[in-house]
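Survey of secondary and tertiary structure
Residue-level listing of the chains:
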Amino acid sequence: MKGEREMSLEEPLMRMIINLSNSVPIPENEYLGEDGFLHCSACHAKTQTKIKILGRERIVRCICQCRQKEIDAHKKQDEEKEIERRRKICFTGTDMKDWNFDNDDLKNPVLSATMKRYVDNFEEHRQNGVGILMWGGCGTGKTYYAACIANELITKGYSVHMTNFATLINRIQGTFDEKQDVINDLNRYSLLIIDDLGAERRSEYMQETVFNIIDARYRAGKPLIITTNLSIDEIKNPQSVNHGRIYDRIIERCFPIHVDGNSRRRERVKQSYHEMKRKLGL
């Protein structure tokens, strides 16, 4: 005789199996094979199989090869749509969703490899709350590298947001939400990238808001990437206590990397100038 526990499990278990079997997509055409099971007329794979549960055999539905391919294709489409949605959120109002390592000019191959390694080991960095501080002159590629990291991580399924303090301040001042609500919203992302530290207005309100954003990320133990035109000496020797509070937290959690070289922005402008001059016949 069946034990009481086995009997108590049998009915809900069989009901679950029947529901799963009924939810399996059925191909448009089937035929009964010599093995006694239904087969898909397109790929000829079985669409039925036999299982044994608690000593009882039951024929249930299974997915054939062509239906599995359709399911995988739909899943891939959904994943691509989700990735594209995350890119739009990350790079609101910019064209940076097209900035990636594939388009890197590799003028600084060591630095490019360093940024890729950060991506490769991001899960460890995420758990430890370790970010990057990219510092150096204007136009050397800091923003480009940051966007490459963002795009690569979004492709891997992480949520990333890239912005600057001026945009964040405008968002805080232009919303009915509390400032803390905006700051808490930023901590939803696996990685927060803030571009061009030091370019924001130097009012007391601005500095306090910048500190609150950095401090919230710091306390949450989540990674942060910062780019800045400030020198490492300016960061290590701040001109005020307020700046010192901000920079201390950044330095503690963000590994400093010097992004040097000629200004790529100026090189692009120069190339564009000569190209336009040629087209105009000047």
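A quick note: this is a predicted structure, and the numbers were derived from the prediction, not measured. (Residues numbered from 1 in each chain as written. Predicted model: local features only at pLDDT ≥ 70, side-chain atom pairs only at ≥ 80, totals over all residues. Heavy atoms only, no water.)

So, the pairing of strand β5 (residues 131–135)
With five of five residues buried, β5 is to be regarded as a mostly interior element. On β5, burial covers both faces: G131, L133 and W135 on one face and I132 and M134 on the other are all buried. Judged from the five bridges that link them, β5 and strand β9 (residues 254–258) form a sheet pairing that is parallel. Within the sheet, the bridge partner assigned to W135 lies in β9 and is H258. With four bridges connecting them, β5 and strand β8 (residues 224–228) associate as parallel partners. (Buried < 20%, exposed > 50% of the residue type's maximum accessible area, 1.4 Å probe, protein only. Helix = DSSP H or I, 4+ residues; strand = E, 2+ residues; numbered from the N terminus. Pairing = 2+ DSSP bridges.)

Structural notes on the sheet that holds β9
Sheet strands pair via backbone hydrogen bonds, and the direction of the pair is either parallel or antiparallel. Strand order across the open sheet formed by five strands is β6-β7-β8-β5-β9, with parallel pairing between neighbours. The sheet terminates laterally at β6 (160–164) and β9, the two strands that pair on one side only. For this sheet the average axis-to-axis angle between neighbouring strands, irrespective of direction, equals 15°. Sheet analysis places β6 next to strand β7 (residues 191–197), joined by five bridges and oriented parallel. In the sheet register, T163 faces β7, and the bridge partner there is I194. Sheet contacts for helix α10 (residues 241–253): β5, β7, β8 and β9; angle to β9, the most-contacted strand, approximately 90°. (Axes fitted to C-alpha atoms, helices over the stretch in contact; angles between N-to-C directions. Contact = heavy atoms within 4.5 Å.)

Regarding the nonpolar core
One finds M115, M134, I149, L191 and I225 to be the most contacted residues of the largest nonpolar core, which totals 28 residues. Contributing elements (two or more residues each) for this core: α3 (109–120), β5, α5 (142–155), β6 and β7. When residues in this core are grouped by element, the largest group, nine residues, is from α5. Not counting chain neighbours up to four residues away, the residues in contact with I225 comprise Y118, I132, M134, A146, I149, L191, L192, I193 and I194. In this structure, L133, I183, I213 and I250 belong to the second largest nonpolar core, which totals 25 residues. (Core = buried A, V, L, I, M, F, W, Y, C linked by side-chain atoms within 4.5 Å.)

Purely spatial values, then, with no claim about function.
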